[in-house]
Amino acid sequence: MKQKQILVIGGSYFIGRVFCLFASGTGNYELHVVNRGKYTLHLDHTTQYLCDRHDVQRLSGLFPDIHFDSVVDFCAYSPGDIQSVFSALSGKFGHYIYLSSCSVYAPSEKSHSETSPFRESDSPDPAEQYAYHKCVLEGELKSLCAHQGIPYTILRPSFVYGPYNYAPRESYYVQLICRGGIIPVPQNASAKWQFVYVKDVAQGILACLENPTCHNQDYILSAPEVFTYPKFMEVLEETSSQPLFKDSVPLSQVYQQNIPLPFPLEQNELYEGSKISSQLGLCYTPFREGFTKTYAAFYKVFTK
């Protein structure tokens, strides 16, 4: 079987890295990974190119003789980032997959679906600005694809966890445990949220590479299990196999001292991730299973 040619933009750490590990292991793809080379990839069927995505001239000259079956874009963050790829490649690809985020949705206590309202305004707050720019980029992609007759797929993960996670979420707690630190537990934190395992995100992308049902579709990636801080603490203690040193902290103190808790405190972040399961057959990993492997990976790093 002829290998599909896949252009990966980003792809050297966390979601992109795990995707490349899975995709290269299938033997079905020839991966061309464009990034700034912060982390190197030594994988079969994979070539890494050191190039900033914003350098349109250099990017346009990297692949004179390749027509890509799909582009998988992990690192478009600012308006114009997708436009620059279209300009550089001049239609030399057949499908564009963009990793967006569930943060595009306007805050709501209800569970979001793919059709829920988006944020409508920018903000000086970095997190809100990131989310709004993702909204703008989704619109940018849809407009460009419609103009050039190229199908797109947009994937919106919720809270992604797993090995290589550079965001201080689950690693924040594993590191505290390894150092014998005290874990702050917010009092009366009412928020509920959901996770998605990084390997499930990678499998979702692979499904999109193989099934044209995904063309011109957007999908939420979020496992169904709902979490609160008490429930997460329960799983954390169960996984660590040792008593945790915990300190119950009032919400006012969390805000005043800017304690870097990684999950929502009062605003629900709930998402319905069943569309991709029903259309593409994605099965979500049970949280305890995925978190056990994630804990072991970070524990190894922090106890070296």
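Calculation notes
Counting of residues starts from 1 at the beginning of each chain's written sequence and follows it residue by residue. Where local features are concerned, this predicted model is filtered to residues with pLDDT of at least 70; where side-chain atom pairs are given and counted, the filter is 80 or more; whole-chain, interface and lining totals use all residues. Each side-chain value is derived from all of the structure's non-hydrogen atoms; neither hydrogens nor water enter the calculation. Pairing between two strands requires that DSSP report at least two bridges joining them. Per the convention used, a helix needs a DSSP run of H or I reaching at least four residues, while a strand needs a run of E reaching at least two, with both numbered from the N terminus. Geometry is summarised by axes, namely lines fitted to C-alpha atoms with helices restricted to the contacting stretch, and by angles between N-to-C directions that run from 0 to 180 degrees. By definition in these notes, contact holds between two residues if any of their heavy atoms fall within 4.5 Å. Burial here depends on accessible area, computed with a 1.4 Å probe over protein chains only, as a share of the maximum for the residue type. Under 20% is buried, over 50% is exposed, and the range in between is partly exposed. A crossover counts as right-handed when, viewed with the strands pointing away from the observer, the path leading from the first strand over the helix to the second turns clockwise.

A look at the sheet that holds strand β4 (residues 70-73)
The strand order across the open sheet formed by 7 strands is β3-β2-β1-β4-β5-β6-β10, and the pairing between neighbours is parallel. Whereas interior strands pair on both sides, the edge strands pair on one side only; in this sheet they are β3 (46-50) and β10 (217-221). Here the average twist between neighbouring strands, direction ignored, is 15°. Of the pairings in the sheet, the one linking strand β1 (residues 4-9) to β4 comprises 4 bridges and is parallel in character. Bridging from a neighbouring strand, Leu7 pairs with Val71 of β4. In the packing of helix α1 (residues 15-26) onto the sheet, the strands contacted are β1, β2 (29-35), β3 and β4, and the crossing angle to β2 comes to about 155°. On top of the sheet, helix α3 (residues 81-89) reaches β1, β4 and β5 (96-99); it is set at about 155° to β5, its chief contact.

Brief notes about the pairing of β2
β2 sits mainly inside the fold: 7 of its 7 residues count as buried. Alternating residues of β2 divide into Tyr29, Leu31, Val33 and Asn35 and Glu30, His32 and Val34, and every residue in both groups is buried. Sheet analysis places β1 next to β2, joined by 6 bridges and oriented parallel. Counted as the bridge partner of Leu7 is His32 from β2. With respect to chirality, the unit in which β1 leads through α1 into the neighbouring parallel β2 is right-handed. Sheet topology note: the β2/β3 ladder contains 5 bridges and is parallel. Looking across to β3, one finds that His32 is bridged to Thr47.

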